[in-house]
Amino acid sequence: MEARPADPGHHTTPDHRADQHTWPRHSPAGPRLGSGAARPLALTRPIPQETCLSTHAVIARPTADGYAGMYIHFDGYPDSKLPLLLAAYQHRFAGDVEAMARHLIDEVHHGWEELGADLLDGAPATLRRSLTGGEEYPSRQLTNVYNTDGTPAERELITQDGTEDLEWAYVLHESGIEVIGLLAYDRGPVVGWGTDPRSRIVADPSVWNPDSSAPVVPPRTAPRLSATAPASAPAPRKGARR
């Protein structure tokens, strides 16, 4: 298919063509949607090449026979997405899971390229800095999505029957977020909405067993020091986890 012009304001890297992001049938590069058959899509706005290897996910609400929701293209790991979603529920959406679902699913046409720091609006500044490291980046929806025959793609939800090319699913229940490591399971444990967003979260899909507790470790609180106790030597600093 002939390459289409890049979206203004987005840098196109050398030798990077828009038609490299045409998703052919049964290609692992694009999501499978509701019916379970791959829907061929072509993004007319080039995505930086490093995101071609990104971790694809779906954000969904429960249905009578499973779930249905919207595609997330970039960085779908739970140690990235869970802190944002937990903090968004607790602060921006003030505990209203339906309002959160409307924003993340119903008001989106094709899906999310990335979920960003705007989900932390209303959160305390210390929490916001803790989760973002002080970096501010907006959520971005996928735009200019076409079928391979050149016609505009229609809006379609991803369901539990169309996740063959995805790695994670986040289902917004009343009690919390069901996290499904799709490479290992078709269900997952539920992380309660009251969970501290600063918790340590394991990103290995094999440990998200639906019959076990979620691999989420609350942050340690600093011990209260006695006024008379001698100060202890500082512990060795651990290297940053990448």
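Preceding this paragraph is the structure being described.
In this text, all values refer to a predicted model and were calculated from it rather than measured experimentally.

### Points about the overall build of the chain
A tally of regular secondary structure across the chain gives three helices and 13 strands. Within the span of the chain, comprising 242 residues, buried residues form 45% of the whole. Once local pairs closer than 6 in sequence are excluded, the contacts in the chain between residues at least 24 apart make up 59%. Summed over all atoms, the accessible surface of the chain reaches about 13,100 Å², with 51% contributed by carbon and sulfur.

### Things to note about the pattern of salt bridges
Scanning the model with the defined rule gives nine salt bridges in all. Arginine 198 serves as the salt-bridge partner of aspartate 196, at 2.6 Å between the closest nitrogen and oxygen.

### Brief notes about the packing of helix α1 (residues 78–92) against helix α2 (residues 97–106)
Following both chains from N to C, one finds α1 and α2 inclined at 120 degrees, their axes separated by 10 Å at the closest point. In terms of their interaxial angle, α1 and α2 are classed as oblique. Crossing of α1 over α2 shows right-handed handedness. In contact with Leu85, Ala88, Tyr89 and Arg92 of α1, α2 contributes Val97, Met100, His103 and Leu104. When grouped by side-chain class, the residues that make up the contact of α1 with α2 number six nonpolar, one polar and one charged.

### Regarding the pairing of strand β10 (residues 176–181)
By the criterion of burial, β10 is predominantly enclosed, with six of the six residues buried. Here strand β9 (residues 168–172) runs beside β10; their pairing, made up of five bridges, is antiparallel. Bridging from a neighbouring strand, valine 171 pairs with glutamate 178 of β10. Hairpin connection from β9 to β10: three residues lie between these consecutive antiparallel strands.

### Examining the pairing of β9
In terms of burial, β9 is a largely internal element, five of the five residues being buried. Because side chains alternate across β9, one face comprises the buried residues Trp168, Tyr170 and Leu172, and the other comprises Ala169 and Val171, equally buried. Bridge count for strand β3 (residues 57–63) against β9 is four bridges, and the pairing is parallel. Opposite alanine 60, over in β9, you have valine 171 as the bridge partner.

### Details of the packing of aromatic side chains
This model, assessed by the stated rule, comprises two aromatic pairs. Their ring planes at 15 degrees and their centres at 4.1 Å tell us that tyrosine 89 and tryptophan 193 sit as a pair that is stacked. Note that tyrosine 89 is positioned in helix α1 and tryptophan 193 in the loop between β11 (190–192) and β12 (200–201), a separation of 104 residues in sequence. Tyrosine 89 sits in the buried class, given a relative accessible area of 15%. Plain terms: the ring middles of tryptophan 168 and tryptophan 208 are 6.3 Å apart, the flat faces sit at 85 degrees to each other, and that makes the pair edge-to-face. A residue pair is termed long-range when its members are at least 10 positions apart, and tryptophan 168 in strand β9 and tryptophan 208 in the loop between β12 and β13 (216–217) qualify at 40 residues. On the accessibility criterion, tryptophan 168 (1% relative accessible area) is buried.

Conventions we followed
- Each chain carries its own residue numbering, running from 1 in the written order of its sequence.
- Thresholds applied to this predicted model are a pLDDT of at least 70 for local features of residues and 80 or more for the giving and counting of side-chain atom pairs; totals over whole chains, interfaces and linings are not thresholded and use all residues.
- As a rule here, side-chain values cover all heavy atoms of the structure and leave hydrogens and water aside.
- Each helix corresponds to a stretch of at least 4 residues labelled H or I by DSSP, and each strand to a stretch of at least 2 residues labelled E; elements are numbered beginning at the N terminus.
- Exposed residues in this analysis have more than 50% of their type's maximum accessible area, buried residues have under 20%, and partly exposed residues fall in between, with area computed by a 1.4 Å probe over protein chains only.
- Residue contacts are defined here by distance: any two heavy atoms, one from each residue, within 4.5 Å place the two residues in contact.
- Surface accessibility in these figures is a Shrake-Rupley result with a 1.4 Å probe; residues are shielded only by whichever protein chains are displayed.
- What makes a salt bridge here is a side-chain nitrogen of Lys or Arg within 4 Å of a carboxyl oxygen of Asp or Glu, nothing more.
- Here an angle of 0 to 180 degrees is reported between the N-to-C directions of two axes, which are lines fitted to C-alpha atoms, with helices fitted over the stretch in contact.
- Working rule for angles: under 35 degrees goes down as roughly parallel, over 145 as roughly antiparallel, 65 to 115 as roughly perpendicular, anything else as oblique.
- Here is the rule for handedness: rotate from the far helix to the near one, and if that takes an anticlockwise turn smaller than a right angle the crossing is left-handed, while a clockwise turn gives right-handed.
- Each residue is assigned to one of three groups, with Ala, Val, Leu, Ile, Met, Phe, Trp, Tyr, Cys and Pro labelled nonpolar, Asp, Glu, Lys and Arg labelled charged, and all others, Gly among them, labelled polar.
- Note: two strands are recorded as paired if DSSP finds a minimum of 2 bridges between them.
- Ring pairs shown here join Phe, Tyr and Trp side chains whose ring centres sit within 6.5 Å, with only the six-membered ring taken for Trp; geometry is labelled stacked below 30 degrees between planes, edge-to-face above 60, and tilted in between.

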